[in-house]
Amino acid sequence: MICRPREELHRELSAAFSAQPEIRGIYVFGREVDGQPDEYSDIDMILCSDDLARSHRNYRDVLGKIAPIVGTYLIHSDAAEIAEMVLLEGFSPYQKIDLSISADLSKKEAFGPFRPLYERPTPTFLTSFHEQTSLPDLSHIRHSLTNRLNDVLFGIPRFTKCLFRGEHDFYRRWFGATETLTALLHESYFGWSTASHAKLKLLPHEYKQLFHSLNQQDSDWLKHIHPIDGKPDLCLSFYHTVCWIVRLYQAKAAQTGEVLDTRVSDHLLSFLEREIERFHRRSCSSSTVRR
């Protein structure tokens, strides 16, 4: 699959958002500041706005003019900041956009240092920070089934880039996904939770309760993910885990009546399958060369 270049996305994002009159600064961080972005680097971007409400109303339209939005994952929101991951059609999932809209760059200081792409010295809309408009309450989006599922799915390119970069962090990604799976599986056996905050992992007695209750089919499937010999193929284990999580969210949505948007799952599961095959081919080729 041919994707548009990362540099093109970077350039178009900067041009599009700097043209918005309320945006007074655009900043990047992470590998961008180090000057070491590679083909697996996403785009970490912060927009500082003089009118948060306006920026929130318009930012998806701005992105949509660059390319159609495949899906989003809302990470955080409050009255003065929103942080969201966005996946655009035609660009590699590795180039997902980690976009923050904030009243003040100091709110993001933990992510620094920053490199400015655009700065306007004086506000256009408002005369002081204290007169900032506020962002709406987005808790209903953050706690929706679609957003919870997309939290898992947006972890797919994070997992696969660790494989290709040779970073040990892929173990953490795999373990986090398997914990999410067992928590959902427990719900499927003992009652779907309607709580706004999802249970992320089970307690020891809940693991025991689940394993004693599994039917034969689910027990066999779990052995693909957690083989009894303790030697999982982490790539395939991760793939089976995410596929099962998607099925469980679909089952939960059917039981609760909530609409589940599966566009991101279709897009990223196909990507995951291709990347695992590519990684295995590269590993086999490297082994052949070493011999």
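All of the points below concern the structure found in this document. (Residues numbered from 1 in each chain as written. Predicted model: local features only at pLDDT ≥ 70, side-chain atom pairs only at ≥ 80, totals over all residues. Heavy atoms only, no water.)

This paragraph deals with the sheet that holds strand β2 (residues 43-49). Reading across from one edge, β3-β4-β5-β2-β1-β6 is the order of the 6 strands in this open sheet, with mixed pairing throughout. Two strands lie at the open edges of the sheet, namely β3 (69-78) and β6 (114-119), each paired on one side alone. Taking each pair of neighbouring strands and ignoring which way they run, the sheet shows an average axis angle of 20°. When strand β4 (residues 81-88) meets strand β5 (residues 97-102), the two strands line up antiparallel, connected through 6 bridges. Residue pairing across strands places I82 opposite I101, the latter belonging to β5. Where helix α1 (residues 6-18) meets the sheet, its contacts fall on β1 (23-29), β2, β4, β5 and β6, and the angle it forms with β2 comes to roughly 5°. (Pairing = 2+ DSSP bridges. Helix = DSSP H or I, 4+ residues; strand = E, 2+ residues; numbered from the N terminus. Axes fitted to C-alpha atoms, helices over the stretch in contact; angles between N-to-C directions. Contact = heavy atoms within 4.5 Å.)

Moving on, we come to the layout of surface pockets. Roughly 760 Å³ of internal volume is contained in the largest pocket. Around the largest pocket, the lining is made up of 31 residues, and of these D151, V152, G176, T180 and L200 lie nearest the centre. Looking at the lining of the largest pocket, the element that brings in the most residues is helix α7 (residues 169-190), giving 9 residues. Each residue belonging to the lining of the largest pocket can be placed in one class, and the counts come to 13 nonpolar, 7 polar and 11 charged. (1 Å grid on protein atoms, 1.4 Å probe; cavity = no way out; pocket = protein on both sides within 12 Å on 5 of 7 lines; lining within 4 Å. Points joined across faces, edges and corners; volume = space filled by probe spheres on them. Nonpolar A, V, L, I, M, F, W, Y, C, P; charged D, E, K, R; others polar.)

Another aspect to go through is the environment of T262. With respect to the element layout, T262 can be found in the loop between α10 (234-256) and α11 (263-290). Taking the C-alpha atoms as reference, T262 lies 29 Å from R281; in sequence the two are 19 residues apart.

Each pair of packed helices can be described by the angle between their axes along with the distance between the axes. For the pair helix α5 (residues 145-153) and helix α6 (residues 155-165), interaxial distance at closest approach is 5 Å and the crossing angle is 5°. Considering the angle they form, α5 stands roughly parallel to α6. For the pair formed by α5 and α6, the contact residues are D151, V152 and L153 on the first element and G155, I156 and P157 on the second. Tallied by class, the residues present in the contact of α5 with α6 amount to 4 nonpolar, 1 polar and 1 charged. (Parallel < 35°, antiparallel > 145°, perpendicular 65-115°, else oblique.)

This part is about the nonpolar core. In this structure, L153, I156 and F238 are the most contacted members of the largest nonpolar core, which totals 48 residues. Here I156 is in contact with F238, V242, L268, L269, F271 and L272, once residues within four sequence places are set aside. Core analysis: the second largest hydrophobic core is formed by 26 residues, M45, L47, L99 and I101 among them. (Core = buried A, V, L, I, M, F, W, Y, C linked by side-chain atoms within 4.5 Å. Buried < 20%, exposed > 50% of the residue type's maximum accessible area, 1.4 Å probe, protein only.)

Assignment of secondary structure puts E275 in helix α11. What makes E275 buried here is its relative accessible area of 8%. Here Y94 takes part through its side chain, which lies 2.6 Å from a polar atom of the side chain of E275. (Polar contact = N/O pair within 3.5 Å; in protein donor to acceptor, adjacent residues only side chain to side chain.)

For the structure on display, the rule yields 12 aromatic pairs. With a centroid separation of 6.0 Å and an interplanar angle of 80°, the aromatic rings of F159 and F170 are classed as edge-to-face. Highlighted residues: F159 in helix α6 and F170 in helix α7, separated in sequence by 11 residues. Under the relative-accessibility criterion, F170 is labelled buried at 16%. Three or more aromatic residues joined by ring pairs form one cluster here, namely Y40, Y94, F164, F271 and F279. (Phe/Tyr/Trp six-rings, centres within 6.5 Å; stacked < 30°, edge-to-face > 60°.)

A few words on the packing of α7 against helix α8 (residues 204-213). Put simply, α7 and α8 touch, their axes get as near as 10 Å, and they point 65° apart. For the pair α7 and α8, the crossing hand works out as left-handed. In this structure, α7 contributes E179, T182, L185, H186, Y189 and F190 to the contact, and α8 contributes E206, Y207, Q209, L210 and S213. The residue makeup of the contact of α7 with α8, split by class, is 5 nonpolar, 4 polar and 2 charged. (Left-handed = near helix turned anticlockwise from the far one by under 90°.)

Of all 9 residues making up α5, 8 are buried, and the element is well covered by its neighbours. Within α5, the full set of buried residues consists of L145, T146, N147, R148, L149, N150, V152 and L153.

So, on to the pairing of β4. Most of β4 is tucked away: 8 of the 8 residues are buried. Where β3 lies against β4, 8 bridges are found, and the strand directions are antiparallel. By the bridge assignment for β4, G71 is matched with L87. Linking β3 back to β4 in an antiparallel pair, the connection comprises 2 residues.

What follows deals with empty space enclosed by the protein. In total, this model carries 1 cavity of 30 Å³ or more according to the counting rule given. Computed from the structure, the largest cavity encloses a volume of approximately 30 Å³. Lining the largest cavity, in full, are F17, Q20, E22, I23, L47, S55, N58, Y59, V62 and I101. Looking at the lining of the largest cavity element by element, the count peaks at 4 residues for helix α3 (residues 52-66). Per-class residue counts for the lining of the largest cavity are 6 nonpolar, 3 polar and 1 charged.

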